[in-house]
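# Examination of the molecular architecture
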Amino acid sequence: MDSLPPSPGDIARLVQPGRVHRAAYIDPAIFDLEMRLIFGRAWLYLCHESQVAEPGSFFTTVMGREPVIVSRDRGGALHVLFNRCTHRGAKLATDETGTAKRFVCCYHGWAFELDGKLAEVPLPEGYGGMPGADGSLDLVRVPRVATYRGFIFASRAKEGPSLSDWLGPIASSFDDMVDRAPGGVLEVAGGVSRHAYDGNWKLVIENHNDTLHPRFVHASSVAAARDQSDAVHSDGAGEVQIKQMRQNGAPAHVWEALGIWTTEWGHSFMGDYHTDARMAARGEEDPVEREYREALEKTHGAERAREIMGVTRFNSIVYPNLSFMSRFRQLRVVQPVSVNRTVVVTYTFRMPLAPERMFRDSIAFANVVNGAGSLVLTDDLETYARVQDGLASQGGDWVDVQRGLGGDQDEANGMLRGQTGTSEIHLRAQFAAWQRWMTP
Ligand code: FES
Ligand SMILES: [Fe+2]
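Presented here is an overview of the structure given in this document. (Residues numbered from 1 in each chain as written. Chains lettered and ligands numbered in written order. Predicted model: local features only at pLDDT ≥ 70, side-chain atom pairs only at ≥ 80, totals over all residues. Heavy atoms only, no water.)

In terms of nonpolar packing, the biggest core is built from 86 residues, with Phe151, Phe153 and Trp434 touching the most fellow members. Per element, the largest residue contribution to this core is six residues, and it comes from helix α16 (residues 425-438). Both domains that meet at this core, namely domain 1 (44-155) and domain 2 (168-438), each give it at least three residues. Those residues in contact with Trp434 that sit more than four places away from it in its chain are Ile11, Leu14, Val15, Ala24, Ile30, Glu34, Ile38, Lys202 and Tyr319. Among the nonpolar cores identified, the runner-up in size contains 17 residues, and Ala225, Ala250, Phe328 and Phe365 belong to it. (Core = buried A, V, L, I, M, F, W, Y, C linked by side-chain atoms within 4.5 Å. Buried < 20%, exposed > 50% of the residue type's maximum accessible area, 1.4 Å probe, protein only. Helix = DSSP H or I, 4+ residues; strand = E, 2+ residues; numbered from the N terminus. Domains from an automatic or database assignment. Contact = heavy atoms within 4.5 Å.)

Now the structure itself:
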């Protein structure tokens, strides 16, 4: 590879109109800079409030490569703390989630309250009394924490745009997800699914709004689903999965007409390509759908409920670490491990006041789009690995992202819309944000 040491001047040269230098995907020095300048400063999604609902509950995750604890103290206040003992540095909490009276370090037994305060040090006389009375040995707090409609974010930078300014119009995707839940109540449920791939973290964030790839990458599962008889009658999960796999084979004009929108800071969402055309054409309403609609009407009234159900959004990307499907209640958190290794953790949400059948369908849907054994997801992961391999070769220095370039349309609400649904506008938006973070 041409050597491009990551000075700000070099970084600025990596992103050009309609193309990006491959160093952004394969250079470990650039990855280190990304961890410092992007993941070390941007708002990162951590978890949903339902995952730390009870006093004494905690959730562990990473911000870039930094382990952190999200905790709810006994008074109900939320804290985000670096997961690092202030004695000699051991990681404190290792369970992904749980409840605790205190965090007790495995090494020498220092104990911390859920708000991070150092509570107890064994054999304090060795220090001439309890050390850290001035708070200097309390757990270190992540500087900024904010939530939007139950979704918890934090930033390791003391200063920067507020969460609401930074989200901007992409906040409406969270609104879509929450408003769709009767009573506005959502909870993470059904466990967690986790997978890893051999590729750069940006590949998955780019792929989720890439509407050009399904008919190629997912051709085999589309064909298998088309071959499958409609008369399978499983417990319902099979039908959900077959329907989704067939839907990926939608004709080109469907994808072109979808719509794709971007915001400042690299966020984006795409229109939805799912249709229940056959039932709609017969003027029928599925009984579960009817029960759901009625529950939603109780919360919002008939007119607003119709409006909410009429929103057609599929994937929303909150750059750099979150991708979610508001209508299908799927959420994916991207965790970069190294320049060519990425972990993706996926969650399903349940609407406790909606028909239980909808949650079962969500789990079936999760298994076909996010499960490690999915016929669909595995195609994408193989593709990311092939991209990573190809980019490491001498076969060219530039990644082409010019599809739809010049055709981006200004929308009144501060968003840009791609010329067609298959525009690569979201890649250009992501790299504009990337460049902004990387060249401070
Ligand atoms: S490293 Fe935590 S108590 Fe010593
Ligand atoms: Fe895909």
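Six octahedral donors around a metal ideally sit at 90 or 180 degrees from one another, while four tetrahedral donors ideally sit at 109.5 degrees. The protein atoms donating to the iron ion (ligand 2) are His213 (NE2), His218 (NE2), Asp380 (OD) and Asp380 (OD), with metal-donor distances spanning 2.1 to 2.5 Å. Bound by four donor atoms, the iron ion (ligand 2) shows angles of 55 to 148° at the metal and therefore irregular coordination geometry. Spacing between the donor residues of the iron ion (ligand 2) along their common chain follows H-x4-H-x161-D. One end of the pair, His213, is in the loop between α6 (201-207) and α7 (214-217); the other, Asp380, is in helix α15 (residues 377-391), and 167 residues separate them in sequence. Assessed through its relative accessible area of 9%, Asp380 is described here as buried. (Donors = N, O, S within 2.8 Å, 3.2 Å for Na, K, Ca; no water. Tetrahedral: all angles 85-135°; square planar, octahedral: opposite > 155°, others 65-115°.)

One open sheet accounts for four strands, arranged β6-β5-β4-β7; its pairing is antiparallel. Edge positions in the sheet fall to β6 (78-82) and β7 (97-99), since each of these pairs with one other strand and no more. Taken pair by pair, the neighbouring strands of this sheet meet at an average axis angle of 25°, ignoring direction. Pairing geometry for strand β4 (residues 57-63) and strand β5 (residues 66-72), over six bridges, is antiparallel. Bridge pairing in β5 places Phe58 opposite Ser71. (Pairing = 2+ DSSP bridges. Axes fitted to C-alpha atoms, helices over the stretch in contact; angles between N-to-C directions.)

Another point: the environment of His274. Mapped onto the fold, His274 is located in the loop between β15 (268-271) and α11 (277-281). You can call His274 buried: its relative accessible area is 12%. His274 sits 26 residues away from Asn248 along the chain, and the two C-alpha atoms are 9.0 Å apart. In this structure, His274 is in contact with Gln244, Gln247, Phe314, Arg327, Phe328 and Phe365, ignoring residues within four places of it in sequence.

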